[in-house]
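# Close look at the chain arrangement
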Amino acid sequence: MDRLQQDNLFPHRHLLGIADLSASEIGFLLDVSDSYIDVNRGPNKKQTKLRGQTVINLFFENSTRTRTSFELAGKRLSADVINMSVATSSIKKGETMVDTSMTLNAMHPDVLVVRHPDSGAVKLLSEKINGAVINAGDGSHEHPTQALLDALTVRRRRGRIQGLIVAICGDVLHSRVARSNIHLLNKMGAQVRLVAPPTLLPTNVERLGVEVFHDMRTGLMDCDIVMMLRLQTERMRGTFVPSTREYFHFFGLDSDKLAVAKPDALVMHPGPMNRGVEIDSVLADDITHSAILDQVEFGVAVRMACLDVLTNNLRADATGMVS
Amino acid sequence: MNSVRPSAQGQRIALLNARLLDPSSKLDQPGALLIENRQIADFGPGLFNEGTAEDVMVVDCAGHCLIPGLVDIRAHLREPGAEHKENLSTASKAAAAGGITSVVCMPNTDPVIDQIALIEFIARRARETSAVKVYPAAAITKNLHGKELTEIGLLLEAGAVAFSDADRAVADSLVMRRALAYAHTFDALIMQHPEDPTLSTGVMNDGEMATRLGLMGIPNIAETIIVERDIRLMELTGARYHVSHLSTKETVDVVRSAKARGLPITAAVAAHHFALNENAVADYRTFAKVSPPLRAEPDRVAMISGLADDAIDVIVSDHAPHDQDSKRVPFAQAANGIVGLETMFPLALEIYHNGEIGLLELLAKMTVNPAKLVGLDAGEIKIGAAADLVMFDLNAPWQIKIDKLRSKSRNAPYDGRPVQGRVLKTWINGRIAFDIDIED
């Protein structure tokens, strides 16, 4: 049993965050994801790995692209996929969450894909679930599949992650994407910079192993990768930046600011974009720099890989191979 | 009913072979104590050297410590309005087991304790249901809204021992100025919850941990800013002022220097702020969510040095019971609070056992200091005082088990924590309110 456990390249029941993973585990997920890119580009996209299994997308927060991506990933693996959007009232939504998850658990889903507006909520929910849980974004905490698809995009376009200079720009304070990416890029040996006004940076963020800049032109200097973040006005209480106009002027990405980065610098965005707020519209569509559509494409492959690996573990668990 | 049990009124009880400890008189010596007519009739080293009379009931303390009953001036007892979380009866059992014989309850009940009828209600309910003595703190502002002052003078006459807006700061500077100035007329004590609401929109301590967890932080300055402002208002009004519970190193420094300038400022610390740091909330443990939040390690250490050098006068439980539904939710939505009546004393004794503070000095923070602050005739061993006493084993090691807590709610982040020092017996007015041989 110990030997089998040692041989498991991803010995986790759930995927709750990048912080819990090692570099080799991340590398393993990316390798599996890679193989699914080819499947998705081929004529027969339907695999049978999850035939007979149930995947529930449980979303306590609005989402179109992430939910669709997970839905497609599950269906391409022949799982029965059910989408549940739970409207959250402002009062007592936590009770709803725990109750809803226990109700769903009684229906024996194999995988629960969960998004929730509160940090830590997906972990809390996972404690009540017998199957596997994939965190599809919890508050400002983590969004592991987004970081994995970003890493896959970088690896496909640049051939490596190790040693690259990556600038993550914008609303880091409210961003789960930024936190997952900081963890992942550090573990994989990239050099991470953050560029944002102080009001959009969390306290002591430099202790996560990043270099902090408040000016785009110095922060983007010689960068290989520029990751733009969405300004999350829906999470903001009070004023963090005076206006979107001022924000775009100083922190929005345009070709002028990008000019200081490496000539072949890659521009990424987790979407949905606010054109003219954090990114210039022309630049977003510029195929020489923009990797935004690759990110969307590889997202499906990454999610197929996660479903594949976690359901494999569930089967191994049933036979006593994973603790 | 009373006729079947021997009435405490006439009974004489001799507590023999005790280590008598009284912080107010700096007494620390072996001796005995006589309870008569619910009061301390006599005590000292030579007492009962010649033996005891036949009609005296004898309790052998076996060399254990005998101290005045502890006085806790900050507890949320949830009655009226949230009796599903706690009531005066369950709270009083927890208090007695924790060596606490007098409790000041906070006014954040439903309805709020902001008028005379509620003071009378608490007094009556305590008389009918509580084993320990309960004294209400009344609200500083009506409905805790921070706008209009309550009838401070009348509430004081009715029995309020202090004034506090419980878990809210009086944030408006003008309202606070008037509260201090007006309370000064009656020498009423204003106890401030030190947290600027506009700077404390977060849910845990600000810093690396909050950043990693993706939770909004509450910075240390949210506390310091309020206390520094209030010190200016003290100087302006001449009023005395009490920081109901502080959590940051900076606030301890500010209080210490204000004391050095001779201002009548006092401060308390809740047991969890010297027993735990922010690491307790890792993994989103809502049982460790409390207001003000658990801080970084240097802040925790500053609480202990503040106690040792008397910058901090009082230790409180800040007992805040919550049911499962209030805590089994995502961290940001969870209620603030830790139950503390039973754990305050053993957690405080950790500081003594670690050699940070003398035993009498530590005991003073839970007996005579809080009693004097709110004007209670309690917390001292003296002839004629009510026989509110605690016998405890200073060195007994044990483990806190939250499923054994007597409080109606068990939201404490201490499960399995090893502690040293255990309450054996608690007397209130000369009657046993807790006896470990019977209850444990």
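Residues numbered from 1 in each chain as written. Chains lettered and ligands numbered in written order. Predicted model: local features only at pLDDT ≥ 70, side-chain atom pairs only at ≥ 80, totals over all residues. Heavy atoms only, no water.

What follows covers the overall build of chain A. The helix and strand tally for chain A stands at 12 helices and 9 strands. A compact globule built from 323 residues would reach a C-alpha radius of gyration of about 20 Å, and chain A, at 20 Å, matches this within 12%. Taken over 323 residues, chain A has a buried fraction of 59%. Taking as baseline every contact in chain A between residues at least 6 positions apart, the subset at least 24 positions apart corresponds to 74%. Counting every atom, chain A has about 13,300 Å² of accessible surface; 52% of that belongs to carbon and sulfur. Each charge class in chain A was averaged separately, 36 positive and 37 negative side chains, and the resulting centres sit 3 Å apart. (Helix = DSSP H or I, 4+ residues; strand = E, 2+ residues; numbered from the N terminus. Rg over C-alpha atoms; globule rule 2.2 N^0.38 Å. Buried < 20%, exposed > 50% of the residue type's maximum accessible area, 1.4 Å probe, protein only. Contact = heavy atoms within 4.5 Å. Areas by Shrake-Rupley, 256 points an atom, 1.4 Å probe, with all protein chains shown as cover. Lys, Arg positive; Asp, Glu negative; His and termini not counted. Charge placed at Lys NZ, Arg CZ, Asp CG, Glu CD.)

A separate point is the overall build of chain B. In terms of regular secondary structure, chain B is built from 14 helices and 18 strands. Taking contacts inside chain B between residues at least 6 apart in sequence as the whole, the part at least 24 apart equals 75%. With the model as given, the accessible surface of chain B reaches about 16,500 Å², and the carbon-plus-sulfur share is 49%. Looking at chain B, you have 44 positive and 57 negative side-chain charges, and the mean spots of the two groups are 3 Å apart.

Grouped burial of nonpolar side chains is what soluble globular proteins tend to show. Ranked by size, the top nonpolar core spans 122 residues in total, and within it Leu15, Phe274 and Leu389 of chain B carry the most contacts. Non-local contacts of Phe274 of chain B, meaning those with residues more than four positions away in its chain, are made with Val269, Arg300, Met303, Ile304, Leu307, Ile315, Leu347, Ala348 and Ile351 of chain B. In terms of nonpolar packing, the next biggest core, distinct from the first, is built from 93 residues, Leu152, Ile168, Met188 and Ala190 of chain A among them. (Core = buried A, V, L, I, M, F, W, Y, C linked by side-chain atoms within 4.5 Å.)

Quick look at the sheet that holds strand 6 (residues 191-195) of chain A now. All names here are of chain A. Across the sheet, which stays open at both edges, the 5 strands sit in the order 7-6-5-8-9 with parallel pairing between neighbours. This sheet does not close on itself; its edge strands, each paired only once, are strand 7 (211-213) and strand 9 (266-268). Strand-to-strand twist of the sheet, defined as the mean angle between neighbouring strand axes without regard to direction, takes the value 20°. Where strand 8 (residues 225-228) lies against strand 9, 3 bridges are found, and the strand directions are parallel. (Pairing = 2+ DSSP bridges. Axes fitted to C-alpha atoms, helices over the stretch in contact; angles between N-to-C directions.)

Detailed reading of the predicted coordinates is not advisable wherever pLDDT falls low. Residues and elements named next belong to chain B. Averaged over all residues, the pLDDT of chain B is 95; the fraction at 70 or higher stands at 98%. Low confidence marks residues 1-7, where pLDDT is under 50. Its contacts with residues over four positions away, or in another chain, come to 2 contacts. Taken together, the chains of this predicted complex give a pTM of 0.93 and an interface ipTM of 0.92. (pLDDT = per-residue confidence, 0-100.)

Let us look at helix 7 (residues 249-260) of chain B. All names here are of chain B. Its 12 residues place the ends of helix 7 17 Å apart at the C-alpha level, agreeing with the 16 Å of an ideal helix rising 1.5 Å per residue. By the burial criterion, the buried members of helix 7 are Thr251, Val252, Val254, Val255 and Ala258. Buried residues along helix 7 cover an arc of 160° about the axis, so they all sit on one side. Structurally, helix 7 contributes buried residues whose contacts are with helix 6 (221-237), strand 13 (241-243), strand 14 (265-270) and helix 9 (297-308). Among the residues trailing helix 7, Gly262 stands out with phi positive, at a value near 90°. (Expected span 1.5 Å × (residues − 1). Arc of directions from axis to C-beta.)

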